[in-house]
Amino acid sequence: LPMYAFFQLPLLKGKEATLKLYLRQVHAETTKEAAVFRTLGASDVPKATDFAHASERVAAKAHELGRTNWEWVVAVLEACVRGVYEDLTGVAKGGEIALCKELMGLHLFATDGSISRASSLVWADEPRWQKRCEKVAGLCFCVLKDGPDQRDVALALVRGAGLGQLTAMVEERRVIDVLQDDEDDAKAFKAKVEQTVQSFEFARGLHAVIAHTHESSGKAQRHSLAHVTQEMRKITFKATKQKLRSGLFWKGKPQKPVATAALTASPSSPADTEKKAETAGSEARTGDQDKKSSDTGSGLSATEPAGASQLEAAITTSSLIIGSEQDQQVYFDQAERVVYIGEVLFGPAEDTFTAELVFALRHALPLLFDVDSFLLEALLRCAFKDGPEAIPSFLEKRDIQVDTLAPRHLGPGDMLPEDLQEHLVWSMHATFGEGENAAILHKDVFIIAEVSKWVDQKQVGDGLSRSYLMRISTETFEPRKHFEVYKIRSKASSANTTELALIPEERPVDKELGSSGSSNSKDGQASAEAPIDMKHLAEVKQYLREMANMTQEDYKAVMRRLFKTWHPDKVGDTPIANRIFHMLRMHEKWYKQKIAGGSVGDDSWLDKEDLGMGKGSGKGSEPGGLLALTGRTYQPA
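**Quick word on the packing of aromatic side chains**
1) Next: Counted according to the given criterion, the structure contains 7 aromatic pairs.
2) Next: Relative to Tyr468, the ring of Phe432 has its centre 5.4 Å away and its plane inclined at 75 degrees; by these criteria the two rings are edge-to-face. Taken together, the positions of Phe432 in the loop between strand E14 (424-425) and strand E15 (437-442) and Tyr468 in strand E17 (residues 467-471) put the pair 36 residues apart, joining distant regions of the chain. The burial state of Phe432 is the same as that of Tyr468; both residues are buried.
3) Next: Aromatic side chains Phe446 and Tyr486 sit 5.1 Å apart centroid to centroid with 90 degrees between the ring planes, which places their arrangement in the edge-to-face category. Note that Phe446 is positioned in strand E16 (residues 445-452) and Tyr486 in strand E19 (residues 485-488), a separation of 40 residues in sequence.
4) Next: By relative accessible area, which is 18% here, Phe446 ends up buried.

Put into C-alpha cells, the structure is as follows:
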C-alpha cells in the first residue's frame, strides 16, 4: 500500500470516505516512522494522477461486483474528479492545463449508467445538442456533478484528461439557404435585437452579473466593462423572414477514435481548437498501449473499442449528423460567425426565441458562459419588454448591484451624445488623421467612427470627393467621402473657429442693414462684405465649383448640407447668409439644367460681384434669370 499512502488526504464526508480504502492515510507518530513511510513511497498529498488511478480501481471493483450505481461508487468517483480538478488548477495557477496521458485513465459515469474512461467520453457542453446527437453510434456522453463550477471542472478534464468536448467536435450550420433582410419587418426586428444586445446598458448589466458571479465563487474578475462592451459589439446579426433550418456537422475526421474524444480547445478560438486537438490526438495515440493494458485489467474495455469504431464510421460516412436537423427561430452559424434571426413566433413561443437567442449569443461570445443561462434569458426579456434602461432595477431585485456611475466608454459604433452633436463641424478644409474619431450619419443617427488606414494605399481622391475608410464597429469598416464626415470639436476650440457649422458664433452684423436689403451705401457694403464674410463666400464658391462635376447623388447630399448650414433662419437674417443661400439656389437650378442637357455654359457666373443681389423685376446676370430671394423654405430635389 505505500504507493497509495499519503500523509494528508482531503476532507471526505459521508460516502466519499470510502475513498480511504483506495487512498490510504499514513499515521506516523514520530519523525522516524514518517521517514520510513517516505522511503517506502508515501507522499504528502495525493496528486491528480493518484485520483485518476484510484478511480480506475474503483471502476474495476464496481465491475467485479456487477453493479455500478452503488451510492459509494458515485460518491467516490465524484471525489476523484474533484481531486483531479483541484490539483490541475492548482498546478496551472491560471496558466494552460496540459494533457497528461496518465490522467486519461480517469473514470467517469456515462449517461447510459456505465463507467468509462474520460478519454472515451464526451462532455455535452451544449445540452441542447446532446439530444440531436443521440442517434450517433459510439458517441457516449459523460455525467458530471451539478454545481456552479461544473463548467470549470469539465474544461479542466478536457484539457488535462482527454475528455471530449462536443462543441470542439461538431458545429452548427444552416441546411437551407436563406434570403437575408428580405422584409422590412424582419429588418426592424433584427435592428431592435441588435440595438438591445449591443447597448451600453445591457453590457453594463452583464458586467455586473459576471462580477457578482466571480465574487461569489472567489474568482478574480477577468473582464472590464470596456472589454464586455467592445466584445458585445463584435456580434454580427442577419435577418430573414423565412424559417431557419440548421444541422450539426462534424468538424473533421480524426486520426483515431481517442483523438476524436480528446479534442481539448476552448470554443472561443476555432484555430486554437484545431491546433490543440492535433496535440491531444498525438499524445493520446502515444498512450494507446497503456490504455489497452489498463482496460484489460479493469475489465471495462469490452464495449469501448467497438463504440469508437462506430463513431469513426459515422464521421466517415457523412459530415452531417443524421437526425440533428431542426427548425429554429434564431441560431449561430459557426462557419460564418453570424447570428441568424428567422421567423419569430410571438406569444407562448417567445420564451423559446429568448432561449435560442441566449444559446446563439453564448456561442458567438464565450465570455457569456460566465452568466447563468436562466438569468441571461430573464435579462433579455426585461431589456426587450422595458428597454435596456430597466436592467439596473431588475438586477437590484436579485441583489446584484450595477455601477450606474461607471463611465461610458465611447468608441466606433457608439451613438454620438447630444451635447457633442452641437459641436460638429463640416468643412472642405477639415483634415482627418489616421486613428482620429469623427462623426458620420449611420441610419439617420450620428455615430462615432474612427479614421482607418486604407489597404494597399488605395487612391482616396481629393477635395470633397476624397474618401476615408471609417471603422464603425470592432470589425466593420465603411468607405465614406469627405462631405459625409464631421469633425468633433470641443467647446474651447469651437468658439474661435471660422468653419461653416459655427457661423452663429462669429462677429455679429448690423441686422437692420441686413434685413432691409435696400441700402446701397458704401458703409453698408463694407459691413456686409467684412473679411470674415468674404472668406466664407470664397469657401462656398469653391465647394460649388467642385460640386459641378459630382454625381447627382453626391451633389444632392452636399447641397442639402449647405442649405442646412446657410439657411438664414439658422445662421441669422444677415446679408452674407442671404447672399450665400441665394447663390446655392441658383447653383442648384444651374446644375439641374446642366444635367438635363441644357445650354447653361460653365460656372464662371459664380464670380459675378452682384451675384444673388438682384432686385426689382429687371433681368440679372445669374443663369436662368433667377432674381432676388423670395422665400426660405427648401425642399430637397
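**What to know about the pattern of salt bridges**
1) Next: Following the criterion strictly, the structure yields 16 salt bridges and no others.
2) Next: Across the salt bridge formed by Lys61 and Glu64, the nearest N and O atoms sit 4.0 Å from each other. Taken as a pair, Lys61 and Glu64 lie in helix H2 (residues 48-65) at a separation of 3 residues, close to a single helical turn.
3) Next: For Lys61, a relative accessible area of 32% gives the class partly exposed.
4) Next: For Glu64, a relative accessible area of 59% corresponds to the exposed category.
5) Next: Across the pair Arg245 and Asp327 runs a salt bridge, and its minimum N-O distance is 3.0 Å. One end of the pair, Arg245, is in strand E10 (residues 244-250); the other, Asp327, is in strand E11 (residues 326-328), and 82 residues separate them in sequence.
6) Next: Members of the salt-bridge network, linked through shared partners, are Arg245, Glu325 and Asp327.

**Considerations on the state of the cysteines**
1) Next: Counted according to the given criterion, the structure contains 0 disulfides.
2) Next: Of all cysteine sulfurs in the structure, the one in Cys140 sits closest to Cys142, which takes part in no disulfide; the separation is 8.8 Å.
3) Next: The class for Cys142 is buried, based on a relative accessible area of 10%.

**Overview of the pairing of E10**
1) Next: With 6 of its 7 residues buried, E10 lies for the most part within the structure.
2) Next: Sheet analysis places E10 next to E11, joined by 3 bridges and oriented antiparallel. Paired with Ser246 across the two strands is Gln326, which belongs to E11.

Analysis parameters
Residues numbered from 1 in each chain as written. Predicted model: local features only at pLDDT ≥ 70, side-chain atom pairs only at ≥ 80, totals over all residues. Heavy atoms only, no water. Phe/Tyr/Trp six-rings, centres within 6.5 Å; stacked < 30°, edge-to-face > 60°. Helix = DSSP H or I, 4+ residues; strand = E, 2+ residues; numbered from the N terminus. Buried < 20%, exposed > 50% of the residue type's maximum accessible area, 1.4 Å probe, protein only. Salt bridge = Lys/Arg side-chain N within 4 Å of Asp/Glu carboxyl O. Disulfide = S-S within 2.5 Å. Pairing = 2+ DSSP bridges.

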